[in-house]
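Close look at the chain arrangement
Chain by chain, the residues run as shown.
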Amino acid sequence: MSDVLAPSESLGDAQDSEGRSGGGGLVRYVASKIAGAITSLVLVILLGFFLFRVLPGDPVQTMTRGRAVSPEQIAELRERFGLDLPLWQQFLDYLFGVLRGDLGVSYFYSRPVSDLIAERFWPTVLLAGSATILAVLLGIWLGTRSAWRHGSRFDKTATGVALTLWSVPTFWLGLIVLMVFAVGVGPIPGMFPTGGITSPDTPPGVIPYVLDVAHHLVLPCITMVAVIFAQYQMVMRSSLLEEMGADYLTTARAKGLRDDLVRRRHAVPNAMLPTVTLIFLHLGLVVSGAIMVETVFSWPGLGLLTYQALDVPDLPLLQGTFIVLAGAVVAMNLVADLLYRFLDPRVRAS
């Protein structure tokens, strides 16, 4: 009896051992990714201080430009901003402030940097989030159709338009869109606001406010979508082209499935993996990539705030926005790394 049960017991032990090994591997994988993200974030915090110290321009001189200011008043401003301290002492003050969650006070706005960032964060999320969702849906749809009709007129047209828009500078495209659809050119009247997130004459109430924000959102959102949808389209098209020659698609067709079902049920899900990875890897970059669009359309988000801070230069504000924008990239990369392990069996096997 014991001889019969021995192989089962051995198999059970082996499975338990494999399970424990797999669980340990998962813990090590997650721990290594989190440690890498923390290391990157620490480097971002350190770099955030020194990076903006090399910018040309003196904040005090810029803020007092055109005013009759005595040397004593300039010295007082330097003392208030802490610019009269040695660089190492400024660095330690900055470092301990970040550890306490205090990003300092803006030179230009005379308000806590964390309050300014919290105030401008959601307009950026609204713009970048809306544009990303639309770009992903449009890119996947066009990429799927282009690959399935590879070499057709639709494929050539869609690919050519996507690559052209991808290569256009964002600020140039934004200015063209602004001039045509906000100002009006020839028979095309100006249909949208030229900037901002709301109009001063918006009627009171939630629905008028939402409609007014949506009206202001159209042009900056279209500009962002036009620039970023091509990357999703190209990746989806390339992934699907690789899958189209696979044996399992031939088997599915041999079973009598219609071509649309073969594409939707078998080809597209297997080709989605690189696209999903790309979406998460670019989520953090999308927030920082909104700087140009927000500046052109005067959208009151983090991008416009960063641009205004660069003009002074407002060092605490630049440091704070840099940490938030770079931290978003690090966080999204960490999510992509963790998600990739669950989506791709090859990563689990490695």
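To be clear, the structure that these remarks concern was listed above.
Quick notes on the rules
- Residues numbered from 1 in each chain as written.
- Predicted model: local features only at pLDDT ≥ 70, side-chain atom pairs only at ≥ 80, totals over all residues.
- Heavy atoms only, no water.
- Helix = DSSP H or I, 4+ residues; strand = E, 2+ residues; numbered from the N terminus.
- Buried < 20%, exposed > 50% of the residue type's maximum accessible area, 1.4 Å probe, protein only.
- 1 Å grid on protein atoms, 1.4 Å probe; cavity = no way out; pocket = protein on both sides within 12 Å on 5 of 7 lines; lining within 4 Å.
- Points joined across faces, edges and corners; volume = space filled by probe spheres on them.
- Nonpolar A, V, L, I, M, F, W, Y, C, P; charged D, E, K, R; others polar.
- Arc of directions from axis to C-beta.
- Contact = heavy atoms within 4.5 Å.

Things to note about unusual backbone geometry
The backbone of S110 shows a phi angle near 55°, a positive value even though the residue is not glycine. Along the polypeptide, S110 turns up in the loop between α4 (87-99) and α5 (113-148). Among the residues examined, S110 registers a relative accessible area of 54% and is labelled exposed. Phi is positive for S298, close to 50°, though the residue is something other than glycine. Note that S298 resides in the loop between α11 (291-296) and α12 (302-311).

Notes on the layout of surface pockets
Empty pockets left among the atoms are what a rolling probe the size of a water molecule brings to light. Its boundaries defined by the atoms lining it, the largest pocket holds a volume of some 500 Å³. Taken together, 22 residues line the largest pocket, and the ones lying closest to its centre are F81, G104, V105, Y107 and P316. With 5 residues, the single largest contributor to the lining of the largest pocket is α4. Within the lining of the largest pocket, the residues separate by chemical class into 10 nonpolar, 7 polar and 5 charged. Estimates place the volume of the second largest pocket at around 290 Å³. What lines the second largest pocket is a set of 17 residues, among which T62, M63, R67, F108 and V312 lie closest to the centre. Every element with two or more residues in the lining of the second largest pocket is listed here: α2 (59-63), α3 (71-81) and α12. By residue class, the composition of the lining of the second largest pocket is 8 nonpolar, 4 polar and 5 charged.

Quick word on α3
Taken together, the buried positions of α3 are occupied by I74, L77 and F81. Along α3, the residues classed as buried sweep out an arc of 60° about the axis, all on the same side. Opposite its buried face, α3 presents the exposed residues P71, E72, E79 and R80, each directed more than 90 degrees away. At its buried positions, α3 is contacted by α2. Downstream of α3 by one or two residues, G82 has phi in the positive range, about 80°.

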